[in-house]
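# Residue-level structure breakdown
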Amino acid sequence: MQDYARAFCAYMDANGIKYTVQKENLIKVLYRGDNLDSIPVFAIFDEDNDPLVAFKCWDIANFKNKEADALIVCNILNAEYRWVKFYLDKDNDIVASIDAIIDLDTCGSECMALVRRVVNIVDDAYPRIAKARWA
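Residues numbered from 1 in each chain as written. Predicted model: local features only at pLDDT ≥ 70, side-chain atom pairs only at ≥ 80, totals over all residues. Heavy atoms only, no water.

Moving on, we come to the overall build of the chain. For the chain, the helix and strand inventory stands at three helices and six strands. What you see in the chain, going N to C, is helices and strands ordered as α-β-β-β-β-α-β-β-α. When contacts within the chain are restricted to residue pairs at least 6 apart in sequence, those whose partners lie at least 24 apart make up 54%. Looking at the chain as shown, the accessible area adds up to about 7500 Å², and 49% of this sits on carbon and sulfur atoms. Distance from the positive charge centre (16 side chains) to the negative charge centre (22 side chains) of the chain: 7 Å. (Helix = DSSP H or I, 4+ residues; strand = E, 2+ residues; numbered from the N terminus. Contact = heavy atoms within 4.5 Å. Areas by Shrake-Rupley, 256 points an atom, 1.4 Å probe, with all protein chains shown as cover. Lys, Arg positive; Asp, Glu negative; His and termini not counted. Charge placed at Lys NZ, Arg CZ, Asp CG, Glu CD.)

With that settled, the discussion passes to the environment of C111. Tracing the chain through its elements places C111 in helix 3 (residues 107–134). Through-space distance from the C-alpha of C111 to that of V95 is 18 Å; in sequence the pair is 16 residues apart. Excluding residues within four positions of it along the chain, C111 makes contact with F8, F45, F55 and I102.

For strand 4 (residues 52–57), a buried count of five out of six residues is recorded, marking the element as mostly surrounded by other parts of the structure. Counting the residues in the hairpin turn of strand 3 (residues 39–45) and strand 4 gives six residues, including N49, whose phi is positive at 65 degrees. The sheet contact formed by strand 4 and strand 6 (residues 94–101) spans six bridges and is antiparallel. When the bridges of strand 6 are listed, V53 appears paired with A100. (Buried < 20%, exposed > 50% of the residue type's maximum accessible area, 1.4 Å probe, protein only. Pairing = 2+ DSSP bridges.)

Turning next to the packing of aromatic side chains. By the definition in use, this model includes three aromatic pairs. Judged by centre distance (6.1 Å) and plane angle (50 degrees), the ring pair of F8 and F45 falls under tilted. With F8 in helix 1 (residues 3–14) and F45 in strand 3, this pair connects stretches of sequence that are 37 residues apart. Both rings, one in Y81 and one in F86, keep their centres 6.3 Å apart while their planes meet at 55 degrees; by these two values the pair is tilted. Relative accessible area serves as the criterion here: at 11%, Y81 is assigned to the buried category. Taking relative accessible area as the criterion, F86 reaches 3% and is therefore assigned buried. The ring of W83 carries R117 above its face, with NZ or CZ at 4.4 Å from the centroid. When the ring centre of W134 is taken as origin, the NZ or CZ atom of R133, which lies over that ring, is 4.6 Å away. (Phe/Tyr/Trp six-rings, centres within 6.5 Å; stacked < 30°, edge-to-face > 60°. Lys NZ or Arg CZ within 6 Å of the ring centre and 35° of its normal.)

Structural data, given as structure tokens:
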């Protein structure tokens with residue numbers, strides 16, 4: 001496991017935060033929100049052990065056959081939230097993502113702050129996503 005991923009896991013262990021190592025460079029942290037029962041955030045660490053980390057939450061909602069509605073809601077959300085970008089992936093799922101450069105000395109707290117930011121924004125944005133999906 002790379003240094004950054006290891007530092008993030010050590011931070012979560014020390015703070016009693018549950019997580020799952022999916023692969024050597026992929027760690028899943030699962031939260032519940034007020035609007036969504038399950039908000040999985042995946043921390044994707046650079047395979048070359050560079051200080052680059054992507055935080056992604058996918059499968060927020062599927063917009064098969066409603067791609068135009070998805071793009072409109074993503075555009076609205078991207079205008080409102082500066083930290084998280086929303087986009088439609090190839091499976092027509094809305095994905096939320098943050099990319100960051102992390103310092104090894106503060107990796108654990110930085111990564112946890114970004115995971116929580118994704119969780120809070122996705123949970124806050126979900127009612128508008130659901131309205132666009134089911135309208």
